[in-house]
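# Report on the structure
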Amino acid sequence: RFDDRSSRAAGRFSQTWRTGISNVGRSIGGLVAGAGLAMFFSSAVTEAEEAASVMRKTEAVIESTGGVAGVTADHLEGLAGRLSDIAAVDDEVIQSAGNVMLTFKNIKAEGGIFDAAMESALNMSAALDIDLQSATMNISKALNDPIEGLGKLARAGVDFTDQQKDQIAMMVYFGDTAGAQRIILEELATQFGGAAEANATASEKMTVAMDNIKESVGTLLLPALGQAADAVSGLADWFTNLPESTQTAIAAIAGVT
């Protein structure tokens, strides 16, 4: 997994520079110079560890649900990255919301339902000024059970016509859940489409781009840090197992005592 993530991080790092980060290169240099290399790399490692943690949760959800959604961890990670670039929302926040949606087993990758639902959640969150997790839960419940879920969306401010409600009920009755889901997603797109991108400010996009660079750098560093941690742990075990007199002598030489 480290090798895969390092490879993707290197590719994303390169792509990010080619598609716009070159315009803020001097800002990166200023950040490193102003905050110091140690702080920059510490922040980079933190970003990478957060990304790795979210990915582990994604893999755990997929395993626990038997992969019924047809969404892979890599696909969700890539989707979160693309939506992050558009909406200026941290990709780990988006992927975490995706982890929630994956627990609703009737929302499938087939026909682009899952991807469209994630985009709708972002747009709904931006348009109604609610947190992404809440928007994701409302949409997920509606798509998972289109008839019962319409009431939850209505309470969140999404209205459907009687004709749409009848169409949804008919499709569910005849087993066309995906068709009912598409009607819901089309209405969400009509009401909220493009809201996340429209609300994204230049400064927010800059912040997200900088965090992505840190994550990419940190992901490249994590394997080396893991090896260093193992080495330090081994040294600590060796020192602990020495006779007390030897420990004291080494500490004195090192100037610790």
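Treat the numbers as computed from the prediction; the structure is a model and nothing was measured.

### Quick notes on the overall build of the protein chain
When helices and strands are counted, the protein chain shows 13 helices and zero strands. Going from N to C terminus, the protein chain has its helices and strands arranged as α-α-α-α-α-α-α-α-α-α-α-α-α. The buried share of the protein chain, reckoned over its 257 residues, is 39%. Considering only contacts in the protein chain between residues 6 or more positions apart, those separated by 24 or more positions represent 69%. When the accessible area of the protein chain is evaluated, it comes to approximately 13600 Å², of which 56% is carbon and sulfur surface.

### Quick look at the nonpolar core
Within the largest apolar cluster, 42 residues are counted, with the highest numbers of intra-cluster contacts made by L102, F114, M118, I139, L153 and I184. Of all the secondary-structure elements, those providing two or more residues to this core are helix 3 (37-64), helix 4 (73-87), helix 5 (91-102), helix 6 (113-128), helix 7 (132-144), helix 8 (146-155) and helix 10 (177-192). Among the elements that line this core, the one with the most residues is helix 6, at seven residues. Beyond its immediate sequence surroundings of up to four residues, L153 is in contact with M124, N138, I139, A142, V158, F160 and I184.

### Points about the packing of helix 5 against helix 6
The contact between helix 5 and helix 6 brings their axes to 11 Å, and the two run at 125°. Taken together, the axis directions place helix 5 and helix 6 in an arrangement best described as oblique. The chirality of how helix 5 crosses helix 6 is right-handed. Facing helix 5, whose interface residues are I94, A97, G98, M101 and L102, helix 6 presents F114, A117, M118 and L122. Considered class by class, the residues forming the contact of helix 5 with helix 6 number eight nonpolar, one polar and no charged.

### Some details on the side chain of Q164
With respect to the helices, strands and loops of the structure, Q164 is situated in helix 9 (residues 162-173). In terms of polar contacts, Q164 uses its side chain to reach the backbone amide nitrogen of T161, at 2.9 Å.

### Section: the packing of aromatic side chains
Considering all chains together, one arrives at one aromatic pair under this definition. Arranged with centres 5.1 Å apart and planes meeting at 90°, the rings of Y173 and F174 form a pair that is edge-to-face. By the burial criterion, Y173 is exposed, and F174 matches it.

### Examining the packing of helix 4 against helix 6
The contact between helix 4 and helix 6 brings their axes to 11 Å, and the two run at 35°. The handedness of the crossing between helix 4 and helix 6 is right-handed. Counted together, H75, L76, L79, R82, L83 and A87 of helix 4 and F114, D115, M118, E119 and L122 of helix 6 form the full contact between these two elements. Taken together, the residues of the contact of helix 4 with helix 6 break down into seven nonpolar, one polar and three charged.

### Examining the environment of S84
Mapped onto the fold, S84 is located in helix 4. Residues S84 and I94, 10 residues apart in the sequence, show an inter-C-alpha distance of 7.3 Å. Setting aside its immediate chain neighbours within four residues, S84 contacts V89, D90, D91, I94, V208 and N212.

### Some remarks on a nonpolar patch on the surface
Together, M170, Y173 and F174 make up a nonpolar patch on the protein surface, roughly 430 Å² of accessible area in all. Positionally, M170 belongs in helix 9.

### As for helix 4
The end-to-end C-alpha separation of helix 4 is 21 Å, in line with the 21 Å expected for 15 residues at 1.5 Å each. Just downstream of helix 4 lies A88, where phi reads positive at about 60°.

### Quick look at the side chain of D211
Mapped onto the fold, D211 is located in helix 12 (residues 202-240). Aside from chain neighbours lying at most four places away, what touches D211 is E47 and D90.

### Some words on helix 7
Along its 13 residues, helix 7 runs 18 Å from first to last C-alpha, staying within 8% of the 18 Å computed at 1.5 Å per residue. Restricting attention to buried positions, one finds in helix 7 the residues L132, A135, T136, N138, I139, S140, A142 and L143. Turning to helix 7, the residues buried within the fold contact helix 5, helix 6, helix 8 and helix 10. Measuring from the side-chain oxygen of the N-cap residue of helix 7 to the backbone nitrogen of Q133 gives 3.2 Å; that N-cap residue is D131.

Conventions used here
- Residues numbered from 1 in each chain as written.
- Predicted model: local features only at pLDDT ≥ 70, side-chain atom pairs only at ≥ 80, totals over all residues.
- Heavy atoms only, no water.
- Helix = DSSP H or I, 4+ residues; strand = E, 2+ residues; numbered from the N terminus.
- Buried < 20%, exposed > 50% of the residue type's maximum accessible area, 1.4 Å probe, protein only.
- Contact = heavy atoms within 4.5 Å.
- Areas by Shrake-Rupley, 256 points an atom, 1.4 Å probe, with all protein chains shown as cover.
- Core = buried A, V, L, I, M, F, W, Y, C linked by side-chain atoms within 4.5 Å.
- Axes fitted to C-alpha atoms, helices over the stretch in contact; angles between N-to-C directions.
- Parallel < 35°, antiparallel > 145°, perpendicular 65-115°, else oblique.
- Left-handed = near helix turned anticlockwise from the far one by under 90°.
- Nonpolar A, V, L, I, M, F, W, Y, C, P; charged D, E, K, R; others polar.
- Polar contact = N/O pair within 3.5 Å; in protein donor to acceptor, adjacent residues only side chain to side chain.
- Phe/Tyr/Trp six-rings, centres within 6.5 Å; stacked < 30°, edge-to-face > 60°.
- Patch = residues over 30% accessible without salt bridge, like charges linked within 9 Å, V, L, I, M, F, W, Y side chains within 5 Å.
- Salt bridge = Lys/Arg side-chain N within 4 Å of Asp/Glu carboxyl O.
- Expected span 1.5 Å × (residues − 1).

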